[in-house]
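# Coordinate inspection notes
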Amino acid sequence: MLILGESRSGEIVHFLDAATNGTSGVMGTWHANSADEVFERIVQMVLKAQPPLPTEWALRAATALDLVVFVDR
């Protein structure tokens, strides 16, 4: 199991790599304005990785997410 408390930058790459390579149970948190924006946020963070990865990689990897929970204040 992998739990990522909060991702704001390129560390999301390691999380998505684990999620797409058979790691059983991954969970993470990100800040976004809506549930739909989570995927845009993932792309933004992947582009901050060193070296930046392509947007297509981020969107393909994000398909490994089974559930998005959005909490509004």
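Structural data are supplied above this passage.
So, a few notes on the structure that sits alongside this text. What you are looking at is a predicted structure, and each value in this text was computed from that prediction instead of being measured. (Residues numbered from 1 in each chain as written. Predicted model: local features only at pLDDT ≥ 70, side-chain atom pairs only at ≥ 80, totals over all residues. Heavy atoms only, no water.)

## A short note on helix H3 (residues 55-62)
Within H3, the full set of buried residues consists of Ala58, Ala61 and Ala62. In a view along the axis of H3, the buried residues occupy a sector of 100°, so they form one face of it. Exposed and facing more than 90 degrees away from the buried side of H3 are Glu56 and Arg60. As for H3, its buried residues are in contact with helix H1 (12-20) and helix H2 (37-47). (Buried < 20%, exposed > 50% of the residue type's maximum accessible area, 1.4 Å probe, protein only. Helix = DSSP H or I, 4+ residues; strand = E, 2+ residues; numbered from the N terminus. Arc of directions from axis to C-beta. Contact = heavy atoms within 4.5 Å.)

## Things to note about the packing of aromatic side chains
Any aromatic ring pair is given by two values, namely how distant the centres are and how the planes are angled relative to each other. Considering all chains together, one arrives at one aromatic pair under this definition. Note on phenylalanine 15 and tryptophan 30: the rings are 5.4 Å apart at their centroids and 80° apart in plane angle, and the pair reads as edge-to-face. Placement of phenylalanine 15 in helix H1 and of tryptophan 30 in the loop between strand S2 (26-28) and H2 is noted, with a sequence separation of 15 residues between them. Both residues of the pair, phenylalanine 15 and tryptophan 30, count as buried. (Phe/Tyr/Trp six-rings, centres within 6.5 Å; stacked < 30°, edge-to-face > 60°.)

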